[in-house]
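Structural overview
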Amino acid sequence: MAPRKRQRLILIALIELGERATTKQIAKRAGLNVNGVSQNLGVMDKYVERLGGRGSKTTWRLKVNVPYAPILHGEVMIKAKMVLHHDDPPCTARLDENGYCPKCNLTPDIQNTRLYPYCPTCNLSLKEMKCPNCKWMFRNPS
Ligand SMILES: [Zn+2]
Ligand SMILES: [Zn+2]
């Protein structure tokens, strides 16, 4: 499940601060009240780990393997990004933004191309609509 809105702001702030920060730093970055941030972090053990410290100086770290995509987008299923590839077996290389295949050194005709779903956050090709890096599931945009 994706985190709630306020928790999402806290997580985004923590990510922007390099995945490790104090309650006070997170609150400042997120533009939220320190006490509210502290209360939220206390129940966010699915996402964050408490490293030590007290009160507003408590240090938090984003848990390893927490996927960014649901935090940043806050939706259960977000659209995959569709990327054009060469489709002329054996070549299935990714084409550049001009539709040029760097492997074959040519610009294939549109019928020799195919769209592949990608993770918009990691910019990686999905395996069965799942990102190999952030492990998030995406849906087909069509
Ligand atoms: Zn090619
Ligand atoms: Zn990803």
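Residues numbered from 1 in each chain as written. Chains lettered and ligands numbered in written order. Predicted model: local features only at pLDDT ≥ 70, side-chain atom pairs only at ≥ 80, totals over all residues.

Bringing the overall build of the protein into the picture now. The helix and strand inventory of the protein stands at four helices and seven strands. Reading the secondary structure of the protein in the N-to-C direction produces α-β-α-α-β-β-α-β-β-β-β. Within the protein, buried positions represent 20% of all 142 residues. Counting contacts in the protein only where the partners sit at least 6 residues apart, residues at least 24 apart contribute 47% of the total. (Helix = DSSP H or I, 4+ residues; strand = E, 2+ residues; numbered from the N terminus. Buried ≥ 20, exposed ≤ 12 C-beta atoms within 10 Å, placed from the backbone. Contact = placed C-beta atoms within 7 Å.)

With that out of the way, let us pick up helix α3 (residues 34-42). The α-helix advances 3.6 residues per turn, and as a result positions three or four apart in sequence lie on the same side. Of the positions making up α3, those classed as buried are V37, N40 and L41. In an axial view of α3, the angular spread of the buried residues amounts to 100 degrees, which keeps them on one side of the axis. Opposite the buried face of α3, by more than 90 degrees, sit the exposed residues N35 and G42. Close packing links the buried residues of α3 with α1 (5-16), α2 (23-30), β2 (48-52) and β3 (59-62). (Arc of directions from axis to C-beta.)

If you look at the biggest cluster of nonpolar residues, it comprises 12 residues: L9, I10, L11, L14, A21, I26, A27, A30, V37, L41, V48 and W60. Of all the secondary-structure elements, those providing two or more residues to this core are α1, α2 and α3. Every residue in contact with V48, bar those within four places of it in the chain, is listed here: L14, L41, W60, R61, L62 and K63. Formed by five residues, the second largest nonpolar core is a distinct cluster that contains A80, C131, W136 and F138. (Core = buried A, V, L, I, M, F, W, Y, C linked by C-beta atoms within 7 Å.)

What follows covers the sheet that holds β2. The sheet built from three strands is open, its strands ordered β1-β3-β2 with antiparallel pairing. Pairing within the sheet leaves two strands with one partner each, and these edge strands are β1 (20-22) and β2. Here the strands of the sheet are splayed against their neighbours by 30 degrees on average, with no regard to which way each runs. Most of the contacts of α2 go to β1, to which it runs at about 95 degrees, and overall it touches β1 and β3. (Pairing = 2+ DSSP bridges. Axes fitted to C-alpha atoms, helices over the stretch in contact; angles between N-to-C directions.)

Position of V34 among the secondary structure elements: in helix α3. For V34, a count of 15 C-beta atoms within 10 Å corresponds to the partly exposed category. Along the sequence, V34 and T23 sit 11 residues apart, while their C-alpha atoms lie 6.7 Å from each other. Other than its neighbours up to four places away in sequence, V34 contacts T23, K24, A27 and S56.

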